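Descriptive structure summary
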Amino acid sequence: MASEEGIRLRAIRTKVADTDATTAGRDAYDGEIGQEMEPVTPAGRMFMQPNLSCCIVCIIGFKNGINVAAMKKGLEETIVQHKRFSSVMKQDENGSKYWVRTKVNIDDHIVVPPASAINPESSNKIEDYAAELALALPFDQSRPLWELHILNVKSADAAASAIFRIHHSLGDGISIMSLFLASTRSVSNPISLPSVQPLSTEGFNSNERRAGSMYYYFSLFRWTCITIWCTLVEVGKFLLLLLGVKDSQTALKGSIGVGRLAKSISTANIGLDDMRIVKNAVGGTVNDVFLGIVSSGIRRYLQQHADKLAIHSSNNQGNHPVYGGTKEAVAARISIQDKCIDVLRIRATSLELSTMMQGGSQARWGNSIGYVLTPLCMKKHDDPLDYVRKAKETIDRKKCSLEAIFTYWSAQLILKLVGAEAAVNMSYNALVHTTLALSNMIGPLEEAMFFGNPITDIVPTVFGQPQALCIHLQSYMGKAKLVVTVAKDIIPDPDILLQHIVYSLEDMKQAACARTH
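Notes on the structure in this doc start here. Only a predicted model underlies this, so the values are computations on that prediction, with no experimental measurement involved.

**Focus: the nonpolar core**
The biggest cluster of nonpolar side chains holds 59 residues, and the ones touching the most others in it are Leu75, Leu148, Phe164, Phe180, Phe450 and Ile455. When residues of this core are assigned to their parent elements, the largest contribution, 7 residues, is made by helix H13 (residues 420-432). Filtering out sequence-adjacent residues up to four positions away, Leu148 remains in contact with Met71, Leu75, His109, Ile110, Val111, Ala162, Ile163 and Phe164. Core analysis: the second largest hydrophobic core is formed by 45 residues, Ala251, Val258, Met275 and Val282 among them.

**Some points on the packing of helix H12 (residues 403-417) against H13**
Between H12 and H13, the shortest axis-to-axis distance is 7 Å and the interhelical angle comes to 150°. The angle between H12 and H13 falls in the class roughly antiparallel. Residue-level inspection shows Thr407, Ser410, Ala411, Ile414 and Leu415 of H12 in contact with H13, the latter providing Ala420, Ala422, Ala423 and Met426. Per-class residue counts for the contact of H12 with H13 are 7 nonpolar, 2 polar and no charged.

**Things to note about the sheet that holds strand S4 (residues 97-101)**
Read across the open sheet, the 3 strands follow the order S1-S4-S3; overall the sheet is antiparallel. Looking along the sheet, the strands with just one partner apiece sit at the ends: strand S1 (37-39) and strand S3 (87-91). Each strand of the sheet is rotated relative to its neighbour by a mean of 35°, with strand direction disregarded. Sheet topology note: the S3/S4 ladder contains 5 bridges and is antiparallel. Residue pairing in the sheet places Ser87 in a bridge with Arg101 of S4.

**Section: the pairing of strand S6 (residues 146-151)**
The buried fraction of S6 is high, at 6 of 6 residues. Burial of S6 is two-sided: the residues Trp146, Leu148 and Ile150 facing one way and the residues Glu147, His149 and Leu151 facing the other way are all buried. Looking at chain direction, S6 and strand S7 (residues 160-167) are connected through 6 bridges and run antiparallel. Considered in S7, the bridge of Ile150 is made with Ala162.

**Comments concerning the side chain of Ser186**
As for its position among the elements, Ser186 is in strand S8 (residues 185-186). The class of Ser186 is buried, set by a relative accessible area of 1%. For Ser186, the side chain forms a polar contact with the side chain of Ser188, separated by 3.0 Å. One polar contact links Ser186 to Glu446, side chain to side chain, over a distance of 3.0 Å. Residues within four places of Ser186 in sequence aside, it is in contact with Ser192, Leu193, Pro194, Glu446, Glu447 and Met449.

Analysis parameters
- Residues numbered from 1 in each chain as written.
- Predicted model: local features only at pLDDT ≥ 70, side-chain atom pairs only at ≥ 80, totals over all residues.
- Heavy atoms only, no water.
- Core = buried A, V, L, I, M, F, W, Y, C linked by side-chain atoms within 4.5 Å.
- Buried < 20%, exposed > 50% of the residue type's maximum accessible area, 1.4 Å probe, protein only.
- Helix = DSSP H or I, 4+ residues; strand = E, 2+ residues; numbered from the N terminus.
- Contact = heavy atoms within 4.5 Å.
- Axes fitted to C-alpha atoms, helices over the stretch in contact; angles between N-to-C directions.
- Parallel < 35°, antiparallel > 145°, perpendicular 65-115°, else oblique.
- Nonpolar A, V, L, I, M, F, W, Y, C, P; charged D, E, K, R; others polar.
- Pairing = 2+ DSSP bridges.
- Polar contact = N/O pair within 3.5 Å; in protein donor to acceptor, adjacent residues only side chain to side chain.

Okay, here's the thing in structure tokens:
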């Protein structure tokens, strides 16, 4: 089966230290609910803090209308069987927090909004409804922290849509997406999981690993030196960020409190084949192309915004543009970093998570994430492919560093030694000093169905992070969905930003094709 490809995880078991206090607390909970307990991970505790309370939101488009009763039954047989989606967070007398299994009333987690809650005149009615969830009331802590909104409303790409809203303390994006895919089946083969991209493996080849191979030992020594140097440099940059070094203040930069502002979601379909053409032209990866088109698109957007401000200022104050200098110099001086989140644990395959829901696996689950700060190229390039080359250079350097591992373990250490508040402050500063967050998620290669209903598209995003801009790339069936989520008060025109990113890919494709003829 295609979904079995990749790396399988070893079984893990969480053991609570049998101190008198924890034993007493466990006995008390067992008497109350009668279920086993599992400690809340450090990252899970961080996401429960008010300053960093985030929710993962994912729109699932369907080819047919949604049968609410069938959806409830399917959820009870799959996702509800997962321990995180059937547990509540409890705290013992010592302040330690645990996930405690509880009985799930599926009706408490299904929301079918009235017709009045959806604007029929909007061309993006589903995205608009999902964006309003950013201002929804906090989850009821007495229930598992998730809900599903069912909208039997036609949109441009789907006959009906379902919107998951899941608290980030339950798991990271990879965990949530893997669990969702484990609940789907292939349309062409309903008894099988949909095929996904197999995980690639990198490293020295077998010839280099031969005992006594001088080239192998030289390569290992060289790789070690490069890793140490790159780690020191990147960690130093991260520490400067925590000490107050910020991105330039631009039309995209948020500030403290931006995570609680109203949101807007814009989407566009782009071709993975187009990205592969560009990728092959520069000898890079899809991630390189993604970072390159985002860099180029943001530069175009900021340049357009600077031109408008310059014209406005010139009309009101004479010939004195607000930024000063040429428009090329304006963008070149801007310092922008995106916050990529590296998932540190090896990814569980969909098959493993499918087994977990049946009680036969303990695949690693949670928020095992570290931060990778990636500068975006704001310099103007005559060759559009230079943005991808610059992105590739940056990503290759990041791959050689242990920045993600350092930031992950630093947060864990601070949390254990000082407490959740200090760890949250570190993470919050890392986010609020940067401009945007990027995410690239891999979906099924073939058409999948969720409880018998074929899926047309998948639109993920996150609410609550202290940044005004979040950009996601979600692949599905050989196509890619570009998702731009913004704070409306900071970025009122996300569609224009999205168009600039799409146009950047078109220019790069034309440049790549021109080189092959």
